[in-house]
Amino acid sequence: MESVGLRAVGSHCSLSEMDDLDLNRALLDRPRLKIERKRSFDERSMSELSRHDSPRGRSVLDTPLSSARNSFEPHPMMAEAWEALRRSMVFFRGLPVGTLAAVDNTTDEVLNYDQVFVRDFVPSALAFLMNGESDIVKHFLLKTLQLQDSEKRVDRFKLGKGVMPASFKVSHDPIRETDHLVADFGETAIGRVAPVDSGFWWIILLRAYTKSTGDLTLSETPECQKGMKLILSLCLAEGFDTFPTLLCADGCSMIDRRMGVYGYPIEIQALFYMALRCALSMLKPDGDGRECIEKITKRLHALSFHMRNYFWLDYQQLNDIYRYKTEEYSHTAVNKFNVMPDSIPDWVFDFMPLRGGYFVGNVGPAHMDFRWFALGNCVSIMSSLATPDQSMAIMDLLEHRWDELVGEMPLKICYPCLEGHEWRIVTGCDPKNTRWSYHNGGSWPVLLWQLTAACIKTGRPQIARRAVDLIESRLHRDCWPEYYDGKLGRYVGKQARKYQTWSIAGYLVAKMLLEDPSHIGMISLEEDKLMKPVIKRSASWPQL
Ligand code: GLC
């Protein structure tokens, strides 16, 4: 138990950790007015500290309850954002349990934006945690855990026990004066796809909560332990798989409509890796816990090897694929998945800088989706799925391709868009996902928090600052839209909601991360030294 569980954190941190914090602060180049703030701790220092040091590492008292108490002049948008975030809060029998996806009073067409989405709540939760308000996060984690228990089926087919809801709503009975929860596991969603990402986000959030509060009692409850195991049992079961990556249907994550991301999408693989590592730090090695831990360890090993080798693309790798032979048979094959060089799209040759790289969108049999996806690449950095060199290369590419990937509004969900015949075939003629709109190359302000986390992790906060400046010049004025359209992200999205909660919360998280980079510990994992990178060095990597 001692070596794997999350530890309660003390009010001091180790030397190496202080170095990290100081480095980050120096890099941030901001007035160093608040040196003694609440801190997140890395794995190492957490396991070094005994749980007797402090029952609660982070005291709610030593964090500001609102940005107004910041020691330097906060941007006026911060106060507005906090107000809007609080307006979106949802209560169940008097307790806060989440935030609505959007509170857009400008339209009657609510669709399901009046629900609490698991993935959408993550930035809200992080903002609350960073502000010392952990109750709403705890209630959310517990309520969604209860929902996991409910029966879920599509027609006559029953879904796996571990599936977490995509969203839920609180329905109030005014006559009986009672609240009850109604969840959607994909059985009413467009396309009837279960949200594979929800369970992963749930585990990631449980760790963030534990890190932030130092409260181990939640993650150690039999209910939470069981919840984690149920989620993971869906992914760790043995079957027909020949790859350690997770096979998915289109639309099972943030991109929840058909966009040609079926197979092994990077977003899911990065979240899977991160969730496995978070679970490893929280699971108790008792009973079936030990077996689960063993399975996780093996899977992590295989998954990081697979991802770092086969999903990684840089100039050198692109050139290698360009020269691939096909139809190779046997163990000695170089082109293991039989990717046809002719399937490399033209744009990628121009897009790829000599320095820089990224994890491609998808790798499967004779299938390589060369599109760049923001979320998967940022989560790869946060979780250390990317090696330090790969993380640097991802940031290099982002700087190099700033106009394409950031343009006038951070951040493109993917690049480039699908057009014409390809759009017709791949999206099934989806009118919402037309070129440079929505999931098809649209720009999503919520991704700012993940970009900022990646920037801080790689010691490049100045990139995040540039992105925040862009957001601050428009987001509030445009009423916090869900997404922007166009090659540069200049236009408010065709069907974008206004007052989209995760656009609001994402901004707050980015600001608070920049203000106090030690918050990064909540959502970042240190490099796992046991998993040695096995990839070849390429031209885009700094020479050692
Ligand atoms: C859209 C997005 C999805 C999000 C939901 C609620 O369906 O594609 O990622 O969770 O809206 O905001």
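Rules and cut-offs
- Residues numbered from 1 in each chain as written.
- Predicted model: local features only at pLDDT ≥ 70, side-chain atom pairs only at ≥ 80, totals over all residues.
- Heavy atoms only, no water.
- Near = heavy atom within 4 Å.
- Polar contact = N/O pair within 3.5 Å; in protein donor to acceptor, adjacent residues only side chain to side chain.
- Areas by Shrake-Rupley, 256 points an atom, 1.4 Å probe, with all protein chains shown as cover.
- Nonpolar A, V, L, I, M, F, W, Y, C, P; charged D, E, K, R; others polar.
- Pairing = 2+ DSSP bridges.
- Helix = DSSP H or I, 4+ residues; strand = E, 2+ residues; numbered from the N terminus.
- Contact = heavy atoms within 4.5 Å.
- Axes fitted to C-alpha atoms, helices over the stretch in contact; angles between N-to-C directions.
- Core = buried A, V, L, I, M, F, W, Y, C linked by side-chain atoms within 4.5 Å.
- Buried < 20%, exposed > 50% of the residue type's maximum accessible area, 1.4 Å probe, protein only.
- Salt bridge = Lys/Arg side-chain N within 4 Å of Asp/Glu carboxyl O.

Novice: Just checking my understanding: could you explain the site of the ligand for this structure?
Specialist: Surrounding the ligand, one finds Ala-101, Tyr-113, Phe-117, Arg-119, Asp-120, Met-254, Asp-256, Tyr-438, His-439, Glu-482, Gln-500 and Trp-502. One of the side-chain nitrogen or oxygen atoms of Asp-256 is found 2.7 Å away from an oxygen atom of the ligand. A distance of 2.9 Å separates an oxygen atom of the ligand from a polar side-chain atom of Gln-500. The protein chains hide 96% of the 310 Å² of surface that the ligand would expose on its own. Its residues placed into classes, the shell around the ligand shows 6 nonpolar, 2 polar and 4 charged.

Novice: When you look at the sheet that holds strand β10 (residues 367-373) in this model, what are you seeing that I'm missing?
Specialist: Consider a sheet: its strands pair through backbone hydrogen bonds, and that pairing is either parallel or antiparallel. If you walk across this open sheet you meet the 4 strands as β8-β9-β10-β11, and the pairing is antiparallel. At either margin of the open sheet sits one strand with a lone partner, and together these are β8 (312-314) and β11 (414-415). The sheet contact formed by β10 and β11 spans 2 bridges and is antiparallel. Each residue of the ladder has a partner; that of Phe-373, found in β11, is Cys-414. Across the sheet, helix α13 (residues 374-383) lies against β9 (357-364) and β10, angled at about 80° from β10, the strand it touches most.

Novice: Sorry if this is basic, but what is going on with the nonpolar core here?
Specialist: It is characteristic of soluble globular proteins that their nonpolar side chains tend to be buried jointly. Formed by 161 residues in total, the largest nonpolar core has its most connected members in Leu-126, Trp-202, Ile-203 and Tyr-358. Top contributing element to this core by residue count: helix α9 (residues 266-282), with 12 residues.

Novice: What should I look at first to understand the pattern of salt bridges in this one?
Specialist: For side chains bearing opposite charge, pairing can occur when the charged atoms are close. Counted according to the given criterion, the structure contains 18 salt bridges. Here Arg-355 makes a salt bridge to Asp-396, at a shortest N to O gap of 3.4 Å. Of the two residues, Arg-355 sits in the loop between α12 (346-351) and β9 while Asp-396 sits in helix α14 (residues 388-400), which places them 41 residues apart along the sequence. A salt bridge links Arg-460 to Glu-399; the nearest nitrogen and oxygen atoms lie 2.9 Å apart. You can see Arg-460 sitting in the loop between α17 (447-457) and α18 (461-472) and its partner Glu-399 sitting in helix α14, a full 61 residues away along the chain.

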